[in-house]
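Working through the structure, step by step
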Amino acid sequence: MNHYIMARRLSIITLFAAIFAITFSAVVVHEGGGGAQSHFGASYTCLERNGTFCAPTVR
């Protein structure tokens, strides 16, 4: 197969992958603004608003 055809097909596939990645990341950022935080599978709500990070409550 000709190298120009292979390069064109690879560039088209790469373009579609880049468009998908940008669109997917925009959807994740837009939909991910909830109040519950997740850290290593533990879901908790951020109680400390003035700090630099959220921490789960200690019981």
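Going by the structure above, here's the rest.
What this report covers is the structure whose coordinates are included nearby. (Residues numbered from 1 in each chain as written. Predicted model: local features only at pLDDT ≥ 70, side-chain atom pairs only at ≥ 80, totals over all residues. Heavy atoms only, no water.)

**Some remarks on the overall build of the protein chain**
This is how the line gets drawn: A run of H or I in DSSP becomes a helix once it reaches four residues, and a run of E becomes a strand once it reaches two; helices and strands are each numbered from the N terminus. In this scheme, a residue with accessible area under 20% of its type's maximum is buried, one over 50% is exposed, and one in between is partly exposed, where area comes from a 1.4 Å probe on protein chains only. To measure how exposed things are, a 1.4 Å probe is used in the Shrake-Rupley method; for residues, cover is taken only from the protein chains shown.
For the protein chain, the helix and strand inventory stands at one helix and two strands. Secondary structure elements of the protein chain occur, N-terminal to C-terminal, as α-β-β. For the protein chain, the proportion of its 59 residues judged to be buried stands at 3%. Roughly 5700 Å² of accessible area belongs to the protein chain as shown, and the carbon and sulfur atoms make up 66% of that amount.

**Observations regarding a nonpolar patch on the surface**
Convention followed: Grouping into patches uses exposed residues only, defined as over 30% relative accessible area, and leaves out salt-bridged ones; the cut-off is 9 Å for like charges and 5 Å for nonpolar side chains (Val, Leu, Ile, Met, Phe, Trp, Tyr). What counts as a salt bridge is simple: a side-chain nitrogen of Lys or Arg found within 4 Å of a carboxyl oxygen of Asp or Glu.
On the surface, a cluster of nonpolar side chains totalling about 410 Å² of accessible area is made up of Ile12, Leu15, Phe16 and Ile19. Relative to the elements of secondary structure, Leu15 occurs in helix 1 (residues 3–31).

The values are spatial; any link to function lies outside them.
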